Each structure stands twice: as structure tokens, then as C-alpha cells.
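Structural characterization, general
Take a look at the letters that make up each chain.
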Amino acid sequence: MTAAPDRRLTRPGRTDRIRPPFLLHPNPSREGPGRARAGRRAWSTALASRNWLQHRPAIGLVIGQQQVALSVVATTPRGRREVVRDLREYEGDALPAAVHDLLRPWLPPAHSRHPGPWVQVALPESRVFQSAMAITPSNRLSSPQNFFLEAVQSTNLRAEDRILDLIKLDVGKNPLACLCACPRALVAALAEMFGQMGARLAILEPSPAGLMRAAAAVAPAPRGRQLTMRFLLGKRRAIGIAAVGVQPLFWHGFDLAPGDETASVLAAHSTLWMLGRHSKIAAPVDRVYLHGRPDLELAIDPEKFRKRTGSRLLRLPGPDHDIASAAMGVALNNPLTEADGHNLAREFKPPVPIGDIFPWAEVLLQGAMVAGVSLILHAAAADVDTRYRTARAEAAAFTWLKDQDQSKLDAEKKLLETRLKTLEAFRQSRLDWSTQLRIIAEDTPDTTIITSLVGDNETDLGSKGGLGKGKKQFIVNFATPLGADGSMPGEIDRFISELRAEPAILGHFPTIEVSGLRTGSLNNDKGAVAQYSVVCLPGAEATGKGRPR
């Protein structure tokens, strides 16, 4: 969404002198030294109890007909979070006292040089007029006053008596003019009330904008300029908002009839759809969100709803349609640095000091990170410099290196590295013959004699990688006496089975075979023996597990 706020506002009229009844009472913070001392004590207590991890608190207020809700959102290690929520009820002309009671911890004491806090205020939808109109070639250069008169279709209303704020944006391929209006006397009275308290009015917007922002914090709007609808459900009332991104276009408040809530929501959806067609919005509704009242079961099947309307239906537990949720959404706004969205108090907003928008915490954090990285790099550079100086000192001892060509030194270095690589590979693949011989000697039967043995573990040094596949085998010749009847001794089978179960032998020679079995006699011995050879060869690792020793 590309929104460009129109800075053209109506000229001040005679109605600026009107003072609503709730401002005829004096400011509670200016009622004498006793109240001033109490304000200073409250200010000190608030500063002492404030968490140092909560940075840049933003105060949001929603002023209803009989209630005032406050929400404070601050930057915490987990992001922007609501840290304070409060609600006050008032009657008649007691609005200044209720607002001052809510703002007391953040207001500076009387006669303080510190500027007061910025307050972001929202008014209920019944006290603000908003409309979305299509921009045509005939009205694209019209003033906000002309758009207002076109929207209300009335000749007895004076645009000069109202503050108008116009935003031009695109919905799909349709340019729209989103107009927001409020009586000038009401805005001037609120600005004067906050000024008397020592606070500064940063923004004045409709409460549905705060509800929309609070709902978007739970379920962000889809990217692009897609049209969405959000329905926030309360105990008895609900509101439906059509928006692009987080910018509300128009809304519709309705009652939730007990036992017939589903029909009420569907009827409100149809109303918003017709308002969109009246504003010549041809873009389809991408998603429909239902917020709040998790205890309420609506008889709406998401799949059938999508087939009927073409919109995805999403059910979310919060926020509810109440004044506290709207206050949190208002506090989530950032009117000091972002110009998007309506602001009916734009001409009453005092200049913003650079200290209020300068990111002190971000600068300190990033400065600390840069300092830490600089220290690490400085330590690494010092270590490299030390090693360089050491190498220079060692090289200075070899005077013959001065006359050597660098290319010859590099070739010699490469040759040495190749030899080291070959020796390292040989060391890793070296066969431990003593272990093999010890195991064979332990498994050999007592009557069996080892006549000879041959072990080969050759290494091909001429291969490309430095070490190739060479000849590897282990051959042991045995002689076992024959039985008294001249039969083959059974010790041979047991002996071979034990060798094939040795994990140390199988790790190098998984294949163990018997060959050359014959009968004969040994030199200088009259007894007959069975002569045979045990051949151990490399190959694929055996699948069976050997017998542990």
C-alpha cells in the first residue's frame, strides 16, 4: 500500500473559541502546592519503579463516552510489549480528572523544565466520520473540503467547522481517497486539556484504527495491496473493518444478538462488501479475520465460506472489541517518525525535538557491538603482528634465504607438504602387527605349531593422492598332530572359528580362509601332522560382530 497523507487542512474558524463543558474545571495538577508536592512524589515513584529494560514507552488513550482506557507499550528485550493497562470510568464533566489520574505517573511535576510525555489519543467511531471514495478524473484535484461534502451529501454542514485529514492510496488498481473528519472544537479542546496537564498531543485518530493495529499485531496483514476484513467481537457489540494493510477504509458496528451471532457476523460482512462496491472497489477480499470471543462458537464452515465469498476465513482468539484493546493499538502507533495513517491533531501537534525521536538505545547497543568487534579485531591483529615479527626474526637467522628465489622456495615447500601428507596417511593406515601376532598366538591350540608366517602391508607412494592401494595380506602356516587313528584333528575347526570372531583381526582382514590342507611330517619328528595355511585378506567389513576380549 502506498499512502500519501494530504497535508491540506481546513482554515481555523470561529468555532475555535468554543470550550466544551469538561474543560471548564481547573487542571488537578495546578490546584495548589499540596497537589504539586503529591505530583512530584508520584513522578519520583514512577521513575524509581520503572523497569530499566523498558525503553521508549508510548502512551495510548481511548476516550469513550463514560470510560477512558490507557495502555503503555514499551520496547523490551522481547520487542514492543504492553507494560501497563488501566481503565477509568467518569461521569459528566469529570473527564480531565480521570485522564489526569491515568497519566499521573508519566506527568512531570509542576514547574518542571522537562517536557511532558507524548500522548496518542483515539476517539470512538461514533464521534469520528470516515469515508472512502473513488478518485476519478473529475475529483482528483479536489480539496479535502470538497471530498467531505461529496461524502456527506449534505448542504447544511460546514466543512470549516471540522478538521479533515485526507489520505490517497491504491487498492489494487483503484485509487481511493480515504477521508477522516472530526469537529474542530473537540480536537482543540482535547489539545488544550492535555497542554494544561503538561502532556503533548501526538496523534488523534479513530478507535477502529487502534483496533486494526492491535489485530494486525496478532495476525499481520498479507503483503501487498490486498483488501482484508476484520471482525472484532465483544460481549454485546462487534465491529467489522475493511482495510488495506493496517489502514482502515471504513467500518461497521453492529450488535451481537445472543444465540444468533453467526447471522450478525454474516450480515455485517455483506454490509462491508456493499460499502466497498459503493466506493467502487473492485478488488476481491483476500482474507477475513474473526478476532475475540474464543468461547463463542460460530456456525461458519471456512471451506464453504471460501467457496461462497472467495475469501479465506481465519479464527483468532484476540483481541476483543473493547476500549482497552483499542488503547493498546493506539499505543502501538509511532506518529513521531511515521507519517502514515490519519492524524486529526496534526495542526495542534507541537514540534518534535530531536531527542524524542533519536534512537539512543539503538545507538548505544550498536556502539557497544562495534566496540566489542573492534576489540576482537584489534586483539587478532596484534596476534598476527606478533607472529609476523617472530617469523621475520627467525628468517633473519638464515642468511642463505636472502639469495633464494621465492618460486624455488614455494616448490620446496609444496614438496615437503606432499611428503608430510604421505607420512601422515601411512601412519594412520599402519597395521599393528604385534597385536595380530599376539591374538593368533593366544588362539592357537597347545598342540599346534606355527611353522612360518608372512605379513605384507605395502604402500603405493606413486599414486596421485600420495597413498594408493598396495598389497596387504597375512599368511600363517600351522602344523597340528593327527589323531591316533590318523583322522584330522577337531582343533583346526575350533581354531579357525575363534580367529574369525576376533574384532582386532577382522578390522584389517575381514576375509580369513584356510588353504593347502595336507598331511605330512615335520623335520626330525616321526609323528604325522596336518599342515595348512591360514590366509587373512582385506575386503568388505564383516557383518557379524566379533567376540570381545
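Everything below is about the structure printed above this text.
Source: prediction; values computed, not measured.

Our focus in this paragraph is the pattern of salt bridges. Enumeration over the complete set of coordinates arrives at 14 salt bridges. Asp170 is the salt-bridge partner of Arg225, the closest N and O atoms lying 3.6 Å from each other. Within this pair, whereas Arg225 is found in the loop between helix H5 (207-218) and strand S10 (227-233), its partner Asp170 is found in strand S7 (residues 162-171), the two being separated by 55 residues in sequence. Through salt bridges with shared partners, a single ionic network connects Asp86, Arg88 and Asp101.

Moving on: unusual backbone geometry. For the peptide bond that leads from Gly318 to Pro319, omega is 0 degrees, which places it in the cis range. Residue Lys280 is not a glycine yet carries a positive backbone phi of 60 degrees. Take Lys280: it is sitting in the loop between helix H6 (261-278) and strand S13 (285-291). Judged by its relative accessible area of 56%, Lys280 falls in the exposed class. Even without glycine at this site, Arg293 takes up a positive phi of about 50 degrees. In this structure, Arg293 sits in the loop between S13 and helix H7 (302-309). Given a relative accessible area of 16%, Arg293 falls into the buried group.

Take the nonpolar core next. Membership of the largest hydrophobic core comes to 33 residues, with the highest contact counts inside it found for Leu61, Val99, Leu103 and Phe194. Sorting the residues of this core by element identifies strand S2 (55-63), strand S3 (67-76), helix H2 (95-103), strand S5 (118-123), strand S8 (174-183), helix H4 (184-197) and strand S9 (200-206) as the ones contributing at least two each. In this structure, Val99 is in contact with Leu61, Val68, Met193, Phe194 and Met197, ignoring residues within four places of it in sequence. The next biggest cluster of nonpolar side chains, apart from the first, holds 30 residues, and it includes Leu176, Ala283, Leu298 and Leu313.

The rules behind the values
- Residues numbered from 1 in each chain as written.
- Predicted model: local features only at pLDDT ≥ 70, side-chain atom pairs only at ≥ 80, totals over all residues.
- Heavy atoms only, no water.
- Salt bridge = Lys/Arg side-chain N within 4 Å of Asp/Glu carboxyl O.
- Helix = DSSP H or I, 4+ residues; strand = E, 2+ residues; numbered from the N terminus.
- Buried < 20%, exposed > 50% of the residue type's maximum accessible area, 1.4 Å probe, protein only.
- Core = buried A, V, L, I, M, F, W, Y, C linked by side-chain atoms within 4.5 Å.
- Contact = heavy atoms within 4.5 Å.

What is shown is where atoms sit, not what they do.
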